[in-house]
Amino acid sequence: MDQQNLFDCSEEKAWCPGCGNHGLLEGIKQALQELGKEPHQVVVASGIGQAAKLPHYIKANGFNGLHGRAIPPAVGIKIANPDLTVIIHSGDGDSYGEGGNHFLHNVRRNMDITHFVHDNQIYGLTKGQASPTSRPGHVTGIQTEGVILQPFNPIATAISLGCGFVARTFMGDREHMVEIMKAAIKHRGYALVDIFQPCVVFNKINTFKWYKDHVYKLEEDYDPGDKVAAFQKSLEFDDGIPIGIIYKEDRPPFLDTIEYLSEEKPLVDRDLDPKNAEEFMDQFY
Amino acid sequence: MDFNLLIGGSAGQGIDTLGTLLEKVLQRSSYYLFTNKDYMSRIRGGHNFNQIRFGSKPIYSHKNALDAIVAFDETTVTEHLSRLKEGGKILLDESLKDEIDVSEDQVVYLPLKEGAKEVGNPKVFSVVFLGALIKALDLDLKIGKKILEKTFKEKLLEVNHKALIKGFEMDLNSWDLKKPENTDQRIMINSNEAIALGALAAGVTFYSAYPMTPSTSIMEFLAANQKKARIVVEQAEDEIAAINMAIGASYAGIRAMTGTSGGGFSLMAEALGLAGITETPLVVANVQRPGPATGFPTRTEQSDLSFILTASHGEISRMVTVMRTPEEAFYKTARAFNISEKYQTLVILMNDQYLADANQTIKPFDFSKIQIDRYIAGEEDLPKGDYQRYRFTEDGISPRIIPGKIPGKTVLADSDEHDENGNITESAEVRIKMMDKRMNKMKALAEEVEEPWFIGKENPEILLVGWGSTYGTLRETVEILQEEGHSIGALSFGDLYPLPTKVLKEKVQGAKKIINVEQNYTGQFAKLIRQETGIAFDHSILKYDGRQIALEELIESVKEVL
Ligand SMILES: Cc1ncc(C[n+]2csc(CCOP(=O)(O)OP(=O)(O)O)c2C)c(N)n1
Ligand code: SF4
Ligand SMILES: [Mg+2]
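The notes below deal with the structure included here. All values reported here derive from a predicted model rather than from experimental measurement.

What counts and what doesn't
Counting starts from 1 at the beginning of each chain's written sequence and moves along it residue by residue. Chains and ligands are labelled by the order in which they are written, letters from A for the one and numbers from 1 for the other. The model is predicted, so local features are restricted to residues of pLDDT at least 70 and side-chain atom pairs to those at 80 or more, both for listing and for counting; the totals for chains, interfaces and linings are taken over all residues. Think of the side-chain values as coming from all heavy atoms in the structure, minus any hydrogens and water. Counting from the N terminus, the helices are the DSSP runs of H or I reaching at least four residues and the strands are the DSSP runs of E reaching at least two. Only C-alpha atoms enter the radius of gyration; for comparison, a globular chain is expected to reach 2.2 Å times N to the power 0.38, where N is the number of residues. Burial classes follow relative accessibility: with a 1.4 Å probe on protein chains only, a residue under 20% of its type's maximum area counts as buried, one over 50% as exposed, and anything between as partly exposed. By the convention used here, residues are in contact when the closest approach between their heavy atoms is within 4.5 Å. The Shrake-Rupley method, run with a 1.4 Å probe sphere, supplies the accessible areas, and residue values consider only the shown protein chains as cover. Buried area is understood as the total, over both parts, of accessible area removed when two parts are fitted together, assessed with a 1.4 Å probe. What makes a salt bridge here is a side-chain nitrogen of Lys or Arg within 4 Å of a carboxyl oxygen of Asp or Glu, nothing more. Helix span, as expected, comes to 1.5 Å for every residue beyond the first. What makes a residue near a molecule or strand is one non-hydrogen atom of that residue sitting within 4 Å of it. Any residue outside Ala, Val, Leu, Ile, Met, Phe, Trp, Tyr, Cys, Pro, Asp, Glu, Lys and Arg is labelled polar, Gly included; the first ten of those are nonpolar and the last four are charged. Side-chain rings of Phe, Tyr and Trp, where Trp is taken by its six-membered ring, are said to pair if the distance between their centres is within 6.5 Å; with planes under 30 degrees apart they count as stacked, over 60 as edge-to-face, and otherwise as tilted. Any N or O atom pair separated by 3.5 Å or less is treated as a polar contact, with the protein-specific requirement of one donor-capable and one acceptor-capable atom, and with residues adjacent in sequence counted only for side-chain atom pairs. Coordinating donors are taken as N, O and S atoms within 2.8 Å of the metal, stretched to 3.2 Å for Na, K and Ca; because water is absent from the atoms, sites can appear incomplete. Our arc is simply the arc of the directions from the helix axis toward the C-beta atoms. What is meant by a nonpolar core is a set of buried Ala, Val, Leu, Ile, Met, Phe, Trp, Tyr and Cys residues, joined one to another through side-chain atoms within 4.5 Å.

Structural notes on the overall build of chain A
Step number 1: Helix and strand counts for chain A stand at nine helices and eight strands.
Step number 2: The C-alpha atoms of chain A give a radius of gyration of 20 Å, which matches the 19 Å a tight globule of 285 residues would have.
Step number 3: Dimensions along the principal axes, computed over C-alpha positions, put chain A at roughly 70 × 45 × 40 Å.
Step number 4: By residue count, 59% of the 285 residues in chain A fall in the buried class.
Step number 5: Taking as baseline every contact in chain A between residues at least 6 positions apart, the subset at least 24 positions apart corresponds to 72%.

Shown next as structure tokens:
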């Protein structure tokens with residue numbers, strides 16, 4: 001199944017054997033292939049962390065930026081060229097911690113981009129400190145008495161901010177993950193997909209088995225259009241974690257709301273001519 | 001002829017309305033003008049003032065000595081009376097008569113409030129004042145009317161019209177002012193607006209920023225015109241987002257820009273390095289205000305230079321240039337985009353509150369002088385096989401393509417140290433080659449920078465050295481001191497880094513005394529010069545009270561060290 005994927009890339013992966021990132025990578029390549037995308041049409045943006053190395057391991061355009069700053073360049077890219085499929089792959093620390101402010105406001109901005117958060121509930125690259133999604137009591141080299149802070153709930157936060165596509169999946173269920181990925185990419189607007197991705201080295205609590213035992217698929221008749229029900233779902237965790245599309249609502253994406261752009265070519269295709277700007281000097285006479 | 005007028009009052013009283021309208025009337029009357037603003041960081045109350053200096057020849061700076069004070073309150077009189085020239089006049093409302101303690105022949109009391117009331121709207125006070133000033137300055141009432149027609153509509157126009165005439169008909173003498181001979185059409189613009197217009201001319205289609213005085217007017221101008229220009233101006237969630245969005249947009253192939261003031265620039269520091277290592281062209285404006293931290297939000301200083309020169313950890317190439325006039329702001333902004341794309345590097349535009357808020361009347365910009373050079377590679381420029389974003393080439397510049405435009409070619413940009421493909425590397429050898437490639441751009445930039453402007457006659461004994469917004473004041477200081485018989489000249493720098501040194505070395509050689517003039521505490525530009533050339537200054541004139549050095553102050557300071 002993983003053979004002959006257009007998005008294959010020969011670069012040697014610096015992830016640990018058994019790391020959940022490997023399966024996640026295969027999943028996104030499969031999803032993009034199945035959606036009929038070609039490498040040059042896709043940009044993978046990321047911040048810094050283990051997850052954020054993904055752009056190096058996929059044949060596509062990539063922008064591997066700064067820690068916590070995965071979203072803003074992706075937004076700039078999409079504004080410049082809406083013809084590109086822009087996806088983000090970054091960690092839970094990168095997305096919800098260092099980059100928390102961008103996360104909040106880009107849900108509001110609703111750019112047509114897809115954000116895949118590799119949620120291993122830990123800081124992998126920096127060797128095992130608590131992340132915003134680490135559970136209370138989780139002991140690390142820094143949180144020596146266990147995590148005290150309340151965990152960040154990305155699903156509830158995104159729903160409360162009016163995010164148009166909020167989903168959760170587990171990389172251990174490839175089929176589920178790929179279906180969610182495809183739906184997220186197809187969604188017009190900012191889509192958040194929180195993906196459980198075991199870190200086999202630094203998170204000994206939320207292991208592959210732990211996720212497997214804890215997740216359950218949303219019921220067949222679950223209605224992702226019901227905001228209040230979705231919010232309720234988003235609060236479930238300790239007694240079973242729902243995976244699937246938790247909330248979906250179609251809102252016009254950012255660029256669609258700028259009426260004067262609707263008839264125009266993408267910014268990247270504009271013919272630039274200084275003379276066009278001359279009329280803006282009139283206001284100074 | 002050179003007339004200097006101050007309009008003062010508290011925030012919200014209408015001094016800006018009067019100032020703006022009067023400036024326009026003077027512009028339309030073919031006067032040259034230079035205006036500057038001194039305002040407090042508050043929306044109501046306090047003490048603010050605008051100074052309008054106008055005359056029949058170009059004016060490049062403000063000065064202290066006042067010919068007239070237009071007072072909205074008594075504070076304006078007490079604050080500025082000492083600057084009123086002999087024979088100068090204070091104009092104010094008659095209701096303030098009992099509160100002002102000045103000799104009768106210095107004051108002209110006017111029934112302004114009364115006039116506004118008679119017209120039927122106390123809010124038109126400023127326009128009654130305008131009418132009176134049009135009379136006092138011997139200007140054409142018709143021009144005043146025209147300006148009102150452009151500013152107000154319908155009912156509001158009607159009442160303002162009446163107010164204007166009310167003021168104009170007041171009983172007061174006119175100054176005998178020389179009329180301008182040169183009636184060429186001019187624009188009146190400040191340097192922030194000129195930066196914004198330069199950016200539009202250069203083909204900027206995306207501007208992302210977070211509001212911060214005194215940089216916001218760049219964003220405001222672009223936003224006001226975004227619909228017509230079909231561009232995107234986005235208020236980011238913070239400055240970190242603003243610069244990262246601009247970097248993403250530039251990576252994707254458009255001309256993007258961001259701008260801020262010191263505090264926001266501090267937040268951008270990490271991303272400057274991102275632009276550097278990813279070799280993404282980027283133009284960033286920093287409009288300075290006094291720091292550190294929040295400092296003086298609405299005042300002026302030149303204290304970000306040392307920081308800007310090295311902002312970001314690690315080492316990157318950059319060009320730093322500062323504005324001296326609105327003309328320069330326009331043309332240099334456009335140039336910045338060409339240079340940033342030619343060398344795939346960072347260009348930082350500096351300005352400060354003084355120039356950002358100073359309206360000047362100048363020759364209209366010549367858009368035919370602007371060239372857009374993108375330096376973007378096409379498929380034919382590339383070797384076969386996978387595209388390498390950071391390919392080593394003879395001239396050190398890797399061909400840059402636009403992601404998505406060439407099937408089969410993908411672009412990987414990376415903030416880690418990387419190999420030619422853009423993939424993460426830990427190789428010492430590659431690191432050295434990549435550092436050399438990126439830092440070598442400084443050599444090319446050194447060829448691009450322009451020498452400073454020299455003011456004065458050949459080989460002066462005393463050489464003043466300044467940069468940016470002090471240009472006009474340096475120029476006039478030299479002219480006045482030369483007339484007094486001093487052998488004096490000045491260098492005013494625009495391009496700062498890489499530092500152009502040719503003219504500097506020449507002029508320093510012939511001079512007996514060299515003095516740096518800067519609006520900061522530590523003499524940041526003198527430090528740069530010493531670092532780059534070994535030249536040390538004999539004296540420094542440094543001002544860091546948040547107020548721009550005035551002509552008289554500079555002359556006095558120079559005389560002290562002569
Ligand atoms: C400004 C900045 N602060 C800190 C770091 C160090 N750092 C790199 S990755 C990381 C956390 C990574 O955690 P996460 O985003 O969850 O990614 P993971 O490695 O778990 O995939 C930190 C703290 C950095 N690179 N930059
Ligand atoms: S440390 Fe954890 S997240 Fe990082 S590669 Fe290893 S297993 Fe994966
Ligand atoms: Mg993590």
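Looking at the overall build of chain B
Step number 1: What chain B contains, in helices and strands, is 20 helices and 21 strands.
Step number 2: Dimensions of chain B along its principal axes, counting C-alpha atoms only, are 85 × 60 × 40 Å.
Step number 3: By the burial criterion, 63% of the 562 residues in chain B qualify as buried.
Step number 4: When contacts within chain B are restricted to residue pairs at least 6 apart in sequence, those whose partners lie at least 24 apart make up 73%.
Step number 5: Accessible surface for chain B amounts to roughly 21,800 Å². Of this, 47% is attributable to carbon and sulfur atoms.

Comments concerning the interface of chain A and chain B
Step number 1: Counting residues at the interface gives 51 residues for chain A and 70 residues for chain B.
Step number 2: Interface area for chain A against chain B, summed over the two sides, is near 5,100 Å², with a carbon-plus-sulfur share of 64%.
Step number 3: On the chain A side of the interface with chain B, the three residues burying the most area are A:Tyr260, A:Phe284 and A:Tyr285, jointly 16% of the side's total.
Step number 4: There are six salt bridges connecting chain A and chain B.

Comments concerning unusual backbone geometry
All names here are of chain B.
Step number 1: Residue Pro292 follows Gly291 across a cis peptide bond; omega there is -5°.
Step number 2: Along the chain, Pro292 turns up in the loop between strand 11 (282–288) and helix 12 (305–310).
Step number 3: With an omega of 0°, the peptide bond between Tyr497 and Pro498 qualifies as cis.
Step number 4: Secondary-structure assignment places Pro498 in the loop between strand 19 (495–497) and helix 18 (502–510).
Step number 5: The backbone of Glu279 shows a phi angle near 55°, a positive value even though the residue is not glycine.
Step number 6: Among the structural elements, Glu279 can be located in the loop between helix 11 (262–278) and strand 11.
Step number 7: Phi angles above zero are rare outside glycine, and Gln344 is one such case at about 50°.

Points about helix 6 (residues 154–168) of chain B
Three- or four-residue spacings in an α-helix give side chains the same orientation, since the helix completes a turn every 3.6 residues.
Residue and element names in this part refer to chain B.
Step number 1: Taking 1.5 Å as the rise per residue, helix 6 with 15 residues should run 21 Å; its terminal C-alpha atoms sit 21 Å apart, in good agreement.
Step number 2: Residues Leu157, Val159, Asn160, Ala163, Leu164 and Gly167 constitute the buried set of helix 6.
Step number 3: Tucked into the core, helix 6 has its buried residues touching helix 3 (112–119), helix 4 (125–136) and helix 5 (141–151).

A few points about the site of ligand 2
Step number 1: Ligand 2 sits among A:Trp15, A:Cys16, A:Cys19, A:Gln50, A:Asn120, A:Gln197, A:Cys199, A:Val200 and A:Phe202.
Step number 2: Residue composition of the shell around ligand 2, by class: six nonpolar, three polar and no charged.

Description of the packing of aromatic side chains
Step number 1: All told, the structure shown has 29 aromatic pairs over all chains when counted by the stated rule.
Step number 2: Their ring planes at 35° and their centres at 5.2 Å tell us that A:Tyr96 and A:Phe152 sit as a pair that is tilted. With A:Tyr96 in helix 3 (residues 92–98) and A:Phe152 in the loop between strand 4 (114–119) and helix 5 (154–160), this residue pair connects regions lying 56 residues apart in the sequence.
Step number 3: A:Tyr96 sits in the buried class, given a relative accessible area of 5%.
Step number 4: A ring pair is formed by B:Tyr521 and B:Tyr544, whose centres lie 4.9 Å apart and whose planes are at 65°; its orientation type is edge-to-face. Linking B:Tyr521 in the loop between strand 20 (513–518) and helix 19 (524–533) with B:Tyr544 in the loop between strand 21 (539–542) and helix 20 (551–561), this pair joins segments that are 23 residues apart in sequence.

Comments concerning the site of ligand 1
Step number 1: Around ligand 1, 17 residues are found, and the nearest of them are A:Gln50, A:Asp92, A:Gly93, A:Asp94 and A:Gly124.
Step number 2: The environment of ligand 1 is shared, with nearby residues belonging to chains A and B.
Step number 3: In the model, an oxygen atom of ligand 1 is placed 3.0 Å from a nitrogen or oxygen of the A:Ala51 main chain.
Step number 4: At a separation of 2.5 Å, an oxygen atom of ligand 1 approaches a polar side-chain atom of A:Asp92.
Step number 5: With four residues, helix 3 of chain A is the single largest residue contributor to the shell around ligand 1.

Let's talk about the coordination of the magnesium ion (ligand 3)
All names here are of chain A.
Step number 1: Bound to the magnesium ion (ligand 3) on the protein side are Asp92 (OD), Asn120 (OD1) and Ile122 (O), at distances that span 2.0 to 2.2 Å.
Step number 2: Mapped onto the sequence, the residues coordinating the magnesium ion (ligand 3) show the spacing D-x27-N-x1-I.
Step number 3: Residue Asn120 is classed as buried on the basis of its relative accessible area, which comes to 6%.
Step number 4: For Ile122, a relative accessible area of 1% corresponds to the buried category.

As for the pattern of salt bridges
All names here are of chain A.
Step number 1: According to the stated counting rule, one finds 49 salt bridges over all chains in the structure shown.
Step number 2: One salt bridge connects Lys182 with Glu34, and the closest N-O pair in it is separated by 2.6 Å. Highlighted residues: Lys182 in helix 6 (residues 174–186) and Glu34 in helix 1 (residues 20–34), separated in sequence by 148 residues.
Step number 3: A relative accessible area of 42% places Glu34 in the partly exposed class.

With respect to helix 20 of chain B
All names here are of chain B.
Step number 1: All of the buried residues in helix 20 are Leu551, Leu554, Ile555, Val558 and Val561. Buried positions in helix 20, seen along its axis, are confined to an arc of 135° and lie on one side of it. Opposite its buried face, helix 20 presents the exposed residues Glu556 and Glu560, each directed more than 90 degrees away.
Step number 2: Elements in contact with the buried residues of helix 20: strand 17 (462–467), helix 17 (471–483), strand 18 (488–493), strand 20 and strand 21.

Description of the nonpolar core
Step number 1: Formed by 154 residues in total, the largest nonpolar core has its most connected members in B:Leu197, B:Met257, B:Phe365 and B:Phe525.
Step number 2: It is helix 10 (residues 239–251) of chain B that contributes the most residues to this core, eight residues altogether.
Step number 3: Setting aside its immediate chain neighbours within four residues, B:Phe365 contacts A:Met281, B:Ile187, B:Ile189, B:Ala194, B:Leu197, B:Pro326, B:Glu327, B:Phe330 and B:Tyr331.
Step number 4: In this structure, B:Ile15, B:Phe72, B:Val128 and B:Met188 belong to the second largest nonpolar core, which totals 47 residues.

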